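Residues per chain, in single letters:
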Amino acid sequence: MTEHPVEPVAVPHDEIERSIQTALDRLEAVRKSEAAAAAKAAAMKAAIARRVSIAALLLTMMLSFLGFVRSQSDSAEAGAKAVVQQSRTDASTEWALYQTKTAQRSGFIVAEDNLAREVLSLTADDPRRRLARFHHHEYEARVRALDEDTRQVFHRIQTLDARAYDAQKMADHHGRRTKRYDMGIRTLTLALVLISLTLLVDRASLFFFGLLIAAIGAASGVSGYFLR
Amino acid sequence: MNIAGRGAPRTRTWQGLVVRAIPPSVTRILLMVAIAIGVAVDVFFAVVNFYPVAPHPNPGPKRYVVMQMDEVQAAWFQSNILDDFNTETNSNLQVLRVSDEEQLQASIHDAAAGKDVVLVALPETQLARAVESKLVRPFTDVVSSEQIATDFADLGSSILAPGMFANTQYFLPRMTVVDVAAYRVSKVRDAISHWSVLRPQIDAALAKINGRGLPAGYELGLTPAAWTSYDLFVLAYYWSHRSYSGEPARPRVAHRTGDEIDGQRDIVSAIYRLGANDITIANPENRAAIDMFEWEALYRDEGAYPPEMFAEDPFDDEAVIEQLKSGELFFAPIDTMEAFRLHGGAHEAAAALVDDPADLEFTSMPRGATLALDGKGHPLRQRPSFSFHEDWVWALPTSTHATTVGYQLVKFLWRPEIHTRECEALGMLPLHPKVVAERVSRFRLDWISHVFEAGLEQARYGERTPPELVAKGVGSVYAQLWIKIVDGKIAPVPETAIVEALHAPPRPKPLAVREKSDVDPAHAVDKPVPERSVPETENEDWETSVVLERVTGAKK
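These numbers come from a predicted model, not from an experiment. (Residues numbered from 1 in each chain as written. Chains lettered and ligands numbered in written order. Predicted model: local features only at pLDDT ≥ 70, side-chain atom pairs only at ≥ 80, totals over all residues.)

Caption draft 1: Representation of the overall build of chain A. Across its full length, chain A carries three helices and zero strands. Scanning chain A from its N terminus toward the C terminus, one meets helices and strands in the order α-α-α. In terms of C-alpha radius of gyration, chain A reaches 46 Å, well past the compact-globule figure of 17 Å for 228 residues. Oriented by its inertia axes, the alpha-carbon framework of chain A measures out at about 170 × 40 × 20 Å. Burial statistics for chain A: of 228 residues in total, 23% are counted as buried. Counting contacts in chain A only where the partners sit at least 6 residues apart, residues at least 24 apart contribute 84% of the total. (Helix = DSSP H or I, 4+ residues; strand = E, 2+ residues; numbered from the N terminus. Rg over C-alpha atoms; globule rule 2.2 N^0.38 Å. Buried ≥ 20, exposed ≤ 12 C-beta atoms within 10 Å, placed from the backbone. Contact = placed C-beta atoms within 7 Å.)

Right, here's the structure in full:
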C-alpha cells in the first residue's frame with residue numbers, strides 16, 4: 001500500500017475556532033440536557049417518595065385504628081357468646097331444679113291419692129281420719145308452694161332463653177362487623193403494599209391503583225361500623 | 001407518566017388512540033382530595049374507638065299492627081316481639097289491639113284516618129268481606145310471588161294455603177286456632193268414682209230416645225282423649241246432680257251458642273262430629289244434624305246445660321271463659337289460646353284465671369256417637385274427634401304507607417325461635433314444621449305440651465272452617481235452628497218434631513259486627529283470681545260422701 005502525501009489545507013483560524021466552539025457548545029448542551037433530565041428525574045422520585053410516604057402514613061394510621069375497632073368488635077362478639085353460653089348453662093341448671101321440684105310435687109300427689117283411698121274405708125269418727133285431714137292440708141300446701149316455685153323457675157328459664165337469643169343475635173351482629181373490618185384491613189394492607197411498590201418500580205399507575213384499593217378498603221371498614 | 005405534575009400534559013398512543021394524560025393540576029387536586037379523605041377516614045376510625053356502637057337513625061313515625069288480644073297478651077307481644085323487631089329493623093311498630101274479632105275490620109277503617117296500620121291479623125271467615133270492601137291488598141303487590149315462595153319455603157304449601165286468594169298469595173299465614181276440651185281433673189276423678197250411682201237414671205234418660213239407654217257394656221272412659229258423646233253426657237248428667245262444697249247441684253257442661261261466629265262454629269262442628277261433611281251440611285235435614293239436635297234436646301230436657309246458654313246474649317268465648325274461671329263449668333270447648341289465658345303462667349304477667357291451674361287439664365273433643373244404637377247396642381254412627389281449624393292470616397291494609405315493614409314483620413314472626421316464643425307465651429298452636437318436630441324439647445312444661453298435643457291431635461282430624469259457614473250463612477241457619485229447637489223446647493222424640501223444624505230453616509243473617517262500644521267492659525281485661533286459701537272446713541269433697549240432688553234414692 002502506497003502512502004500519498006496529504007496536501008495541507010489552508011483553513012482559516014477563525015473557522016477552526018468556530019467549529020471547536022460549536023462542538024463545545026453542543027457538548028455543553030448535551031451536558032445541560034442530561035443534567036436537567038437527571039434533576040427532573042430526581043425531582044420526580046422525590047415527589048413519588050413524598051406522596052408514597054403520605055399515603056403510607058395515612059394507611060398505616062387507618063390500619064391501626066381499624067385494627068383497634070376490629071379488636072373491640074371481636075371482644076364484643078366473644079362477650080356476647082359468653083353470655084349465650086352462660087345463659088344456656090344457667091337455663092340447664094334451672095331446668096334441673098324444675099324437674100327436682102316436679103318430682104317432689106309428684107310425691108305429694110301420690111301421697112294425697114293414697115290418703116283419699118284410705119279415708120274411704122274409715123268411719124267419720126275414726127281418729128285416723130283427722131290425721132289424714134291434717135296430712136291432706138299439709139300436702140296441699142306443699143303442692144301449692146311447689147307450683148309457685150316451678151312457676152318462678154319457668155319464668156327465669158324464659159328470661160334466660162330470651163337473653164341467650166338476644167346475645168346470640170348480638171354475637172352474630174358483631175361477627176358480621178368483624179368480618180367486614182377484616183375485609184377492610186386486608187384490602188388496606190394490599191393497598192399499602194401496592195403503593196410501597198411504586199417506589200421500586202417507579203410506576204405512577206401503580207400508585208393510583210393502590211389508592212383505589214385503599215378507597216375500597218376504607219369503604220369496607222366504614223360500612224362495617226354502620227352494618228345492622 | 002409525569003407523576004410530579006410539572007409542565008404541560010403529554011399525550012401517548014395506545015392501539016392507535018391518542019390518550020391524553022391527566023393534566024398535572026387535576027392530578028394535584030385529586031391527590032389533595034385523596035389526602036383529605038384519608039385524614040377524614042383516619043379521624044373517623046379514631047373516634048369510632050370511643051363510640052363502638054353506631055347511632056340509630058330516627059325510626060320514623062309510629063305504625064300499627066292490629067290484632068285481637070287482651071291487654072296482657074298485647075303488652076307481652078309488644079315487649080317480646082315488636083320491640084325486638086323494632087330494634088333489629090329500626091322500626092316503630094306498636095300493637096293496636098281489639099277485644100273481639102268482629103272489630104278488626106272496623107279498626108282498619110278507624111285507623112286509616114289517623115294511624116298507619118301496616119298489618120292486620122284476620123280470621124279466614126272475614127277475608128272475602130275484607131277483599132270485597134278493598135280494605136286490604138295482596139302481598140304480591142309489594143313482593144314478588146317468587147320472593148314470597150323463597151322466604152317462606154320452610155313453612156310448606158299447606159301452611160301458606162290459607163293465605164291464597166284468587167290464585168295469588170293475597171295473605172300470609174298467622175296462626176291456626178283449634179278447639180280443645182278443658183276440664184277439671186278433680187271433678188272428672190269424682191265422676192269416674194261415683195257416676196255408676198246414677199247409672200239407672202242415665203239409662204232411663206237415654207232410653208227415652210234410643211229405647212235402650214247406655215250402649216252395651218258401657219263404662220265411663222278413663223282416657224279423656226278417647227271420650228265419646230256418651231261419656232260427655234254421663235259426666236254432664238252426673239255433675240248436674242252432684243252438690244259440691246254444700247252448694248246446689250247445677251249444670252257443669254256447656255258449649256258456645258248464639259248467632260255469632262263462636263256459637264255458629266260450635267254448633268256446626270258438633271254436626272260434623274256426628275258425620276256431616278261440606279256437601280251434606282248444606283241441607284239442614286241431614287242425618288247428622290238430626291242426631292246432633294237430638295243430643296242437644298236431651299241435654300236441655302235433663303237440665304244438663306246452664307241457663308246462660310239460652311239467654312238472649314250469645315254465650316260466646318268470653319262467657320265460657322268466665323264460667324270456667326269462676327268454677328261454674330267443669331267441661332267446655334275452648335281454643336288453645338284461651339286455654340293458656342285460663343291456665344296462666346305462660347309468661348310472667350300471665351296470671352292464672354282459675355283458682356287452681358293444676359286442676360285444669362286439656363284434651364281433644366269427644367268422639368261423635370249417635371244416640372241411636374244398632375242391634376248389638378252399639379252407637380249406630382261414630383266419628384273421630386272433630387273440630388274446625390280457624391286459620392288466621394296477615395293482611396296488608398290498602399291504606400298503609402309502609403308496605404315492606406309489614407312483610408318484614410311476618411318473616412320475623414316465622415323464625416322458629418320467635419314462633420316458639422309466641423306459641424309458648426300466647427298458646428298459638430305450633431305450625432312451623434321445625435317447631436312441631438322439636439316440640440318435645442321446645443315446650444317442656446306438662447300443661448303446655450298437653451294443650452298442644454290435644455290441639456295437634458284435634459287438628460289432625462279436623463277440617464278448615466268451610467267458607468259456606470259465613471259466606472252462605474250456613475252457620476247462621478244452624479245457630480238459629482239451635483235456638484228454635486233447643487231453646488224452643490222441641491222434644492227429642494219423636495224425631496219428626498226435630499225434622500219438621502229442620503225442614504223450615506230460618507233465613508241466614510249476616511255475621512254480626514259489633515262496634516267497640518258494644519263490647520262488655522267486664523270482658524275487656526281478665527282479672528286474675530285471688531289466690532285460693534286452703535279450705536278449713538271439716539267436711540271437704542275429697543273425704544265426704546257424695547251428695548246428689550234431684551235424684552230419688554241416689555244418696556250414697
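Continuing now.
Caption draft 2: How the structure looks around the overall build of chain B. Scanning chain B from N- to C-terminus turns up 22 helices and 17 strands. Taking all 556 residues of chain B together, 45% fall into the buried category. Pairs at least 24 apart in sequence give 71% of the contacts found in chain B among residues at least 6 apart.

Caption draft 3: Here's a closer look at the nonpolar core. Counting residues in hydrophobic clusters, the biggest one holds 138 residues, and the most contacted among them are Val66(B), Ala182(B), Leu235(B), Val253(B) and Ile271(B). Looking at which domains feed residues into this core, each of domain 2 (63-178 + 390-453) and domain 3 (179-245 + 253-389 + 458-511) of chain B supplies at least three. When sequence neighbours within four positions are dropped, the list of residues in contact with Ala182(B) reads Leu324(B), Ala332(B), Ile334(B), Ala339(B), Leu342(B), Leu360(B) and Phe362(B). Counting 25 residues, the second largest nonpolar core, distinct from the first, contains Met62(A), Ala191(A), Ile213(A) and Ala214(A). (Core = buried A, V, L, I, M, F, W, Y, C linked by C-beta atoms within 7 Å. Domains from an automatic or database assignment.)

Caption draft 4: Summary view of the packing of helix α1 (residues 13-120) of chain A against helix α1 (residues 24-48) of chain B. It is the contact of α1(A) with α1(B), at a shortest axis distance of 8 Å, that shows an interaxial angle of 20°. When the interaxial angle is binned, α1(A) and α1(B) end up roughly parallel. For α1(A) against α1(B), the interelement crossing comes out left-handed. On α1(B), the residues touching Arg51(A), Ile54(A), Leu58(A), Met61(A), Met62(A), Phe65(A), Leu66(A) and Val69(A) of α1(A) are Leu31(B), Ile35(B), Gly38(B), Val39(B), Val41(B), Asp42(B), Phe45(B), Ala46(B) and Val48(B). (Axes fitted to C-alpha atoms, helices over the stretch in contact; angles between N-to-C directions. Parallel < 35°, antiparallel > 145°, perpendicular 65-115°, else oblique. Left-handed = near helix turned anticlockwise from the far one by under 90°.)

Caption draft 5: Representation of the confidence of the model for chain B. All names here are of chain B. Overall, the prediction assigns chain B a mean pLDDT of 87, with 88% of residues at 70 or greater. Within chain B, helix α9 (residues 229-241) carries the highest mean pLDDT (97), whereas helix α22 (residues 521-524) carries the lowest (41). Confidence drops under a pLDDT of 50 for residues 1-7, and excluding neighbours within four residues, the segment shows 19 contacts in the predicted structure. Ignoring residues within four places in sequence, the model shows residues 532-539, a span with pLDDT below 50, making seven contacts including any to other chains. Our summary of model confidence lists the complex with pTM equal to 0.81 and ipTM equal to 0.75. (pLDDT = per-residue confidence, 0-100.)

Caption draft 6: How the structure looks around the interface of chain B and chain A. With 26 residues of chain B at the interface, the matching set in chain A holds 37 residues. If one sorts the elements of the side of chain B that touches chain A by residue count, α1(B) sits on top with 11 residues. Broken down by class, the residue content of the side of chain B that touches chain A amounts to 18 nonpolar, four polar and four charged. (Nonpolar A, V, L, I, M, F, W, Y, C, P; charged D, E, K, R; others polar.)

Caption draft 7: View of helix α18 (residues 446-461) of chain B. Residues and elements named next belong to chain B. Taking 1.5 Å per residue, 16 residues should reach 22 Å; α18 reaches 23 Å between its end C-alpha atoms and fits that length. Taken together, the buried positions of α18 are occupied by Ile448, Val451, Phe452, Ala454, Gly455, Gln458 and Ala459. Projected down its long axis, α18 shows its buried positions confined to an angular sector of 160°, all on one face. In this structure, α18 carries Asp446 and Arg460 as exposed residues pointing more than 90 degrees from its buried face. Turning to α18, the residues buried within the fold contact β9 (172-184), α13 (336-343), β12 (360-363), β15 (388-397), α15 (416-426) and α17 (439-442). (Expected span 1.5 Å × (residues − 1). Arc of directions from axis to C-beta.)

Caption draft 8: The packing of helix α11 (residues 287-301) of chain B against helix α21 (residues 495-503) of chain B, seen in detail. All names here are of chain B. Interhelical geometry of α11 versus α21 gives an angle of 120° and a closest axis separation of 10 Å. The angle between α11 and α21 places the two elements in the oblique class. Here α11 and α21 pass one another in a crossing that is right-handed. Seen from α11, the contacting residues are Ala289, Ile290, Phe293, Glu294 and Ala297; seen from α21, they are Glu495, Ile498, Val499 and Leu502. Here the residues of the contact of α11 with α21 are counted per class, giving seven nonpolar, no polar and two charged.

Caption draft 9: Broad picture of the environment of Tyr478(B). Residues and elements named next belong to chain B. Note that Tyr478 resides in helix α20 (residues 474-487). Taking the C-beta count within 10 Å as the criterion, Tyr478 has 30 such neighbours and is therefore assigned buried. When the C-alpha positions of Tyr478 and Pro508 are compared, they lie 8.8 Å apart, and in sequence the two are 30 residues distant. Beyond its immediate sequence surroundings of up to four residues, Tyr478 is in contact with Gln264, Ile267, Val268 and Ile271.

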